[in-house]
Every structure is written in structure tokens, then in C-alpha cells.
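Here's the letter readout for the chains.
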Amino acid sequence: MIQISRPRHHSLALTHCRYLSLSHILLTEKPLENHHHYHQRQRQLNQTRPPISNPATLRQNLISLIKSSTQKSQLLQIQAHLLRTSLLHDPAIAVPFLSRAGLSSFRDVDYARQIFDQLRNPCSFQYDTMIRAYAVSNSPIEGFYVYQQMRLRSLPSNALSLSFVLKCFARLCSLTGGAQVHATILRDGHQSDSLLLTNLMDLYSLCVQGNEARKVFDEIPHRDIVAWNVLISCYMHNHRTRDVFGLFDGMVSGQLGCKPDDVTCLFLLQACANLSALEFGEKVHGYINERGFGDAINLCNSLIAMYSRCGCVDKAYGLFKNVREKNVVTWSALISGFAMNGYGREAIEAFGEMQRQGLLPDHQTLTGVLSACSHCGLVDEGMMFFERMNRDFGIIPNIHHYGCVVDLLGRAGQLDRAYELIMSMGVKQDSKIWRTLLGACRIHRHVTLGERVIGHLIEHKAQEAGDYVLLLNIYSSTGDWEKVTEIRRFMKEKGIQTSPGCSSIVLKGVVHEFVVDDLSHPQKNEIYHMLDEINQQLKIAGYVAEITSELHNLGAEEKGYVLSNHSEKLAIAFGVLATPPGTTIRIAKNLRICVDCHNFSKVLSGVYNREVVIRDRTRFHHFREGCCSCNDYW
């Protein structure tokens, strides 16, 4: 049993817990500070209020007191009284006490567990409370262990218990655990519980089991907006963006019997941002205004992020200016939007204005600022902000901040300095930060350091196909075809498969995807004819294929032919074919754009008088009048 040492006046206070004045004792910290006034006030209350003898009223007062506690110290005082009076073993009191200890704003799941372990024979509700507390803690697996203990005691599990266990497994992304719970649901006959099945869907979604999630959804007897939102989330986890758009249209039209709510709109805005689907994002924005959701700060922040990630910085900034109560997320969304679109100076200016407004930055804000410096080559400014993080803002740099600085130094050609930073940084190295440096080695053709970085990735057992492709880039750019052949042979022997480059363009709500030499599109003949015409026009304007972008040891003419059908070129050709002259063409690419496609897009923007916006894996490229917003620094 926990022993709590306390001054004599605490004992006196707790002996009066039978009275209505209990709330005046336990819901204030003042008694510890001013003994005289406290005891004087207590005597006055006891003189004016008769003691309460009704046990039900006493219990209700205690429960109200527990629920209104705002600090752990208050719960400790209540605990002392419960231990003295043995009321802790009353389930009607123990359940709210456990809930307050483990689920409130100051939640302390270890403290809740200490209380739980003192219960003689916990009931199902007490077990449920502990499982739920662990589900939102940093130790979700403990929730499953508590559930196991509950079953060993032959206590019946209900739909609520299973729902909390599912949340534990969802936190762990444990497909095996989720499948076991699914079997229990079927065995115990809980198939009609919509909430339970919705949580099961969520778990399958997080485990990237989209088909299983859809099967569960089809079994839900009464599908509310929560179920539909989980299905949308599931499709997003499984990269089924077209299905997300289709569901939204069906919900808006009333065909699905459920209208989108604010959470639905948040999911849709994220999907639009991922695909650079500006047209559909504007449709969602219109629906938000139509339904009166426009003042919700989380939706405003998501709209700013969506427009930024679709390359519409002006619209993002316009929305930002109209937000009445800007929080740190609002400012961070604007700063990150400026950064990814190549407006480094504007990002720094926004950061300065944020500080003048009296708002303190968080980790995400500083990530945006450092990223802005990296994309624009502002080395001195970036290092200055990095040094100020802990000193001025009390923010200890995490792996993302170090990654931005490594990228900053690497792009600027300071590769040895970047390497030294990785080796000396105060957080554990991860594979992503080594890949960032490897990308810089490719840009600057630093073979020796590139090989060393691959060695570090092998040490971390984290090497991927893309890493070897970067190494191939380094060797091919220096003309070391023997090494290129060696790496290709190694990849073939190990069965290492590369991810194909994929470019997408969204027109009229339909996602059109292309890979290199794609023949799957229904308009493939027209697209290739248009691409041939574009190539002829660009050659007249001076475009010459950048054959160093081709990694095979081929002749110049053969390399030019291979480069001509890259995925972004096919997407651009389709955009020119399918939209009126002067229309902006927006492309999303899953990999970094190659030098040849970058040059192709620059020349096309001038010859065809088109703005072309390409978002690759790291940033935006805005091509206008033969120039790119990155100033060829990417």
C-alpha cells in the first residue's frame, strides 16, 4: 500500500471529508500555504453546515470532487482519504479515480496502475479504464497485458474492452494482435457494434490492409460519419486517392446518406495536398465555406498548407492574412509553404514577424525556417538560426533540424562540414540523414564520401534501392562505368528493385498517372504525338537533352531517346493536350526531377507560354518564361 507522509493539518482536513465542505479542502492548494486562515474558514463552514450521513450523497460528493481535480496533488489527498475509509474498493469511486489519474490532462498512467494494483478484485469497468489509459500512453502494449489478466480472471470482455484493446494494437501497428481481436469479435457476437468495427477498420488501415478494412466497413450495420471518415483515412494510408475523391463527391451529392463534416474536409485537404490536386482542393474549400466551417482554425491551417503544397503561395498567403486568431501552426504552415516554393527570404521575414507578434516558435516552425535556408542556399542565415534554437527559443534540435542543416551544407558544397555535423550531433543518426548527405555527394560528384555514406547505411542495415541509384548517379557522372556495372550486378544478385518514377496530373477531379515509356493511358497515341511535336519545337528553341541524366552506358543518341519518355514529360504533354492555351500545368513527381526534365520544362514554359509547376520529392519548381524559381539550385 502506498504510504503518503503529510503534515498534521492534512490529517485534520481529511477527517472532515464527510462534510459538504470537502470540496473547499481538496480543490485548493491554499491550506498548505496559510494554516490560520484555512482552519478559521473550516471552522466557519463546519458551524454553518451539518454533517451529511447519507452514504449515496457522500459518494456523489467524492465522485464530483475526483472529476473536478486539476492536479495530481489533489488526487493524492483524495487517495489518502479513500485508503483510510476503504472507499477505494468501491467500483463507483475507483473507476472515476482511475480515469482521472490515467486519462486527464495531467495523466500519469504509472500512478493509475499503482492504484489499480491495490484493488482487491477489479471489475470489468476498472480493467477497461486501465486498458483505455494505456491505449493513449507511451506503453500501449501494457493495455494488452491488462486485458490478458482480465481474461485469465474469467471476467467477460465486452465491446468496450475490445475497442480499447484495438486502440492499443493500432498504436503498435500490430496486425497479428488486430486479427486476434477480430476473431474474438466474431466469436463473442459483437458484429453489430458499429463503434467496435470502426476501430477495427482503423487498425487495418494503419497496418496498410485496405481490403480488410473495406470488408469490415461493408459489415457495419449503421455507418455514421465516423465510419466514413475512417474509410477515407484508410484509402489515404493505402494511396487510393482516387477513391477518396469519389467518396467525397458521393457524400456531397447525398448518394451515400452522410454529408462530409469538418474531419472529412481535413482528410480531403491532406489528400489534395499530397497530389497537388488544386482543382479538387478548391472544391473542398468551397464546401467548407458553404457549410460554415471556414472559421475553424484547424481547417484554415490545412487550407494554407494545401494551397502551399499545390504551388499557390499567393492564395495561401491570402488565406493567412484573413485568419483572425493565428496560432503557431498557422505561422508554421505559411513559413513551410514559403520554404518549399523557394521563397526563402519571405519565410525568414514571416518568422521575424511571428516573433514580433509575441508567438514562440515550435519544432515545426524551426524546421520550416531551416528548410527555407536550405532551398535558397542561405548558409549563414541557416547556421545562425540553428545556433539560436536552444539559446533563444529553448528548442533542442531534433533529427529533422539536423537533416535540414546537413542538406543546407551539402547543397552548398560543404560536404566535409556536413559529415562532421552528422558524426557529432547530439541525437541518434538515422538512415534519412545519411541519404540527405548522399544526395549532396551526387550533386557535387564526391565519389569517396558517397562510398563512405553507403557504408554507414549498410551499418544501419537501412540501405534501399534508391541509395544505390544515387551511387550509380555519382559513378556515371564521373564516367566510371566499371563501377556502374558492378553496382548493377550487385543489385541484380540481391534482388534489389528500384521504385519507378511516377508523375501525376489531376484534371477535372481525375488523377492521371504516368511512368517512363507509359502505354497504359487511353489517350497514349495522342500524348506521344503531342510529345514529339513539343520536342521538335523545343529543339528549334535550343533545347538539347542532358545525357548525363541517363545512367546506362549508351551512345549520346540512344541516351537522348531514353530520356525523351520520362514520366514528367508525358504528364506535361498530356497537360498541353488536355487544357486550353495559357493554363497552368501542375505535376506531382514521386522522385527528384532529373536535370534533363528540369531543362525541358524551363524551355517549354517559354516556348508555349505556360506556367509549369512541378512538385518533386523535396520541393516545388515554378517554371515561367524559360526560368525556374529554384534558380537551378536544387
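Residues numbered from 1 in each chain as written. Predicted model: local features only at pLDDT ≥ 70, side-chain atom pairs only at ≥ 80, totals over all residues. Heavy atoms only, no water.

An unreviewed UniProt entry lists the protein under the name DYW domain-containing protein, with Rhizophora mucronata given as the organism. As stated in UniProt under Sequence similarities (unreviewed entry), the record for the protein gives "Belongs to the PPR family. PCMP-H subfamily." (UniProt positions renumbered as here; feature names shortened; annotations may be inferred.)

Colleague: Outline the overall build of the protein, listing residues and values.
Modeller: Looking only at helices and strands, one finds 33 helices and six strands in the protein. Counting all 634 residues of the protein, 50% fall into the buried class. For the protein, contacts bridging at least 24 residues in sequence account for 65% of all contacts bridging at least 6. As presented, the protein carries roughly 30,200 Å² of accessible surface, and 51% of it is formed by carbon and sulfur atoms. (Helix = DSSP H or I, 4+ residues; strand = E, 2+ residues; numbered from the N terminus. Buried < 20%, exposed > 50% of the residue type's maximum accessible area, 1.4 Å probe, protein only. Contact = heavy atoms within 4.5 Å. Areas by Shrake-Rupley, 256 points an atom, 1.4 Å probe, with all protein chains shown as cover.)

Colleague: Please give an account of the sheet that holds strand E4 (residues 612-615) that cites residues and values.
Modeller: Taken in spatial order, the six strands line up as E2-E1-E3-E4-E5-E6 in an open sheet, and their pairing is mixed. Among the strands making up the open sheet, the edge pair consists of strand E2 (510-515) and strand E6 (627-628). Where E4 meets strand E5 (residues 620-624), four bridges bridge the pair, whose relative direction is antiparallel. Following the sheet pairing, valine 613 is matched in E5 by histidine 622. Helix-sheet contacts for helix H32 (residues 567-578) involve strand E1 (502-507), E2, strand E3 (585-589) and E4, and the interaxial angle to E1 is about 15°. (Pairing = 2+ DSSP bridges. Axes fitted to C-alpha atoms, helices over the stretch in contact; angles between N-to-C directions.)

Colleague: Describe the nonpolar core, and please don't skip the residues or the numbers.
Modeller: By size, the foremost hydrophobic cluster in this structure holds 153 residues, and its most contacted members are Phe245 and Leu437. Top element by residues in this core is helix H14 (residues 225-237). It accounts for nine residues. Leave out the neighbours within four places in its chain, and phenylalanine 245 touches Leu268, Ala271, Cys272, Leu275, Ala277, Phe280, Gly509 and Val511. By size, the runner-up hydrophobic cluster in this structure holds 28 residues, among which are Met530, Leu531, Leu604 and Phe623. (Core = buried A, V, L, I, M, F, W, Y, C linked by side-chain atoms within 4.5 Å.)

Colleague: Requested: an account of helix H23 (residues 379-393), with residues and values cited.
Modeller: For H23, spanning 15 residues, the distance from its first C-alpha to its last is 20 Å, which sits close to the expected 21 Å at 1.5 Å a residue. Roughly 35° is the biggest bend found in H23, and it falls at glutamate 387. Turning to H23, its buried residues number three or more, namely Val379, Gly382, Met383, Phe385, Phe386, Arg388, Met389 and Phe393. Summarising the contacts, the buried residues of H23 are in contact with helix H21 (344-356), helix H22 (363-376), helix H24 (399-411) and helix H25 (415-424). Following H23 by one or two positions, glycine 394 has its phi on the positive side, about 65°. (Expected span 1.5 Å × (residues − 1). Bend = angle between axes of the 7 residues up to and from the residue.)

Colleague: Tell me about the state of the cysteines, and please be specific about residues and values.
Modeller: Applying the stated criterion across every chain, the model contains zero disulfides. Sulfur of cysteine 404: no disulfide; nearest cysteine sulfur belongs to cysteine 373 and is 9.3 Å away. (Disulfide = S-S within 2.5 Å.)

Colleague: Lay out the side chain of arginine 610 with the relevant residues and their values.
Modeller: If you trace the backbone, arginine 610 turns up in the loop between helix H33 (595-607) and E4. This buried residue, arginine 610, is left without a salt bridge; glutamate 533 holds the nearest opposite charge, at 10 Å. Within polar-contact distance, the side chain of arginine 610 engages the backbone oxygen of threonine 583 at 2.9 Å. Setting aside anything within four residues of it in sequence, one finds arginine 610 in contact with Gly575, Val576, Thr579, Pro580, Pro581, Gly582, Thr583, Ile585, Ser605 and Phe623. (Lys, Arg positive; Asp, Glu negative; His and termini not counted. Salt bridge = Lys/Arg side-chain N within 4 Å of Asp/Glu carboxyl O. Polar contact = N/O pair within 3.5 Å; in protein donor to acceptor, adjacent residues only side chain to side chain.)

Colleague: I'd like a description of H24, backed by residues and values.
Modeller: With 13 residues, H24 should reach 18 Å at 1.5 Å per residue; the first-to-last C-alpha distance of 18 Å fits that figure. With 12 of its 13 residues buried, H24 lies for the most part within the structure. Of all the positions in H24, only Ile399, His401, Tyr402, Gly403, Cys404, Val405, Val406, Asp407, Leu408, Leu409, Gly410 and Arg411 are classed as buried. Contacts from the buried residues of H24 go to H22, H23, H25 and helix H26 (431-444). For H24, the N-terminal cap is asparagine 398; the gap from its side-chain oxygen to the backbone nitrogen of histidine 400 is 2.9 Å.

Colleague: How would you explain the packing of aromatic side chains if you had to name every residue and give the values?
Modeller: Following the criterion strictly, the structure yields 18 aromatic pairs and no others. With a centroid separation of 5.6 Å and 80° between ring planes, the pair formed by phenylalanine 248 and tyrosine 287 is classed as edge-to-face. Of this pair, phenylalanine 248 sits in helix H15 (residues 241-253) while tyrosine 287 sits in helix H17 (residues 278-290); the two residues are 39 residues apart in sequence, bridging distant segments of the chain. Owing to a relative accessible area of 5%, tyrosine 287 belongs among the buried residues under this scheme. Chaining the aromatic ring pairs together yields one cluster made of Tyr317, Phe320, Trp331, Phe338 and Tyr343. The residue whose ring lies beneath arginine 223 is phenylalanine 217, and the NZ or CZ to ring-centre distance is 4.8 Å. Over the ring of tyrosine 419 we find arginine 452; its NZ or CZ atom is 4.9 Å from the centre of that ring. (Phe/Tyr/Trp six-rings, centres within 6.5 Å; stacked < 30°, edge-to-face > 60°. Lys NZ or Arg CZ within 6 Å of the ring centre and 35° of its normal.)

Colleague: Run through the packing of H22 against H23, naming residues and quoting values.
Modeller: In contact at an axis separation of 8 Å, H22 and H23 are set at 165° when each is read in the N-to-C sense. Taken together, the axis directions place H22 and H23 in an arrangement best described as roughly antiparallel. The chirality of how H22 crosses H23 is left-handed. Taking contact as the criterion, the partners of Leu366, Val369, Leu370 and Cys373 in H22 are, on H23, Glu381, Gly382, Phe385, Phe386, Met389 and Phe393. Here the residues of the contact of H22 with H23 sort into eight nonpolar, one polar and one charged. (Parallel < 35°, antiparallel > 145°, perpendicular 65-115°, else oblique. Left-handed = near helix turned anticlockwise from the far one by under 90°. Nonpolar A, V, L, I, M, F, W, Y, C, P; charged D, E, K, R; others polar.)

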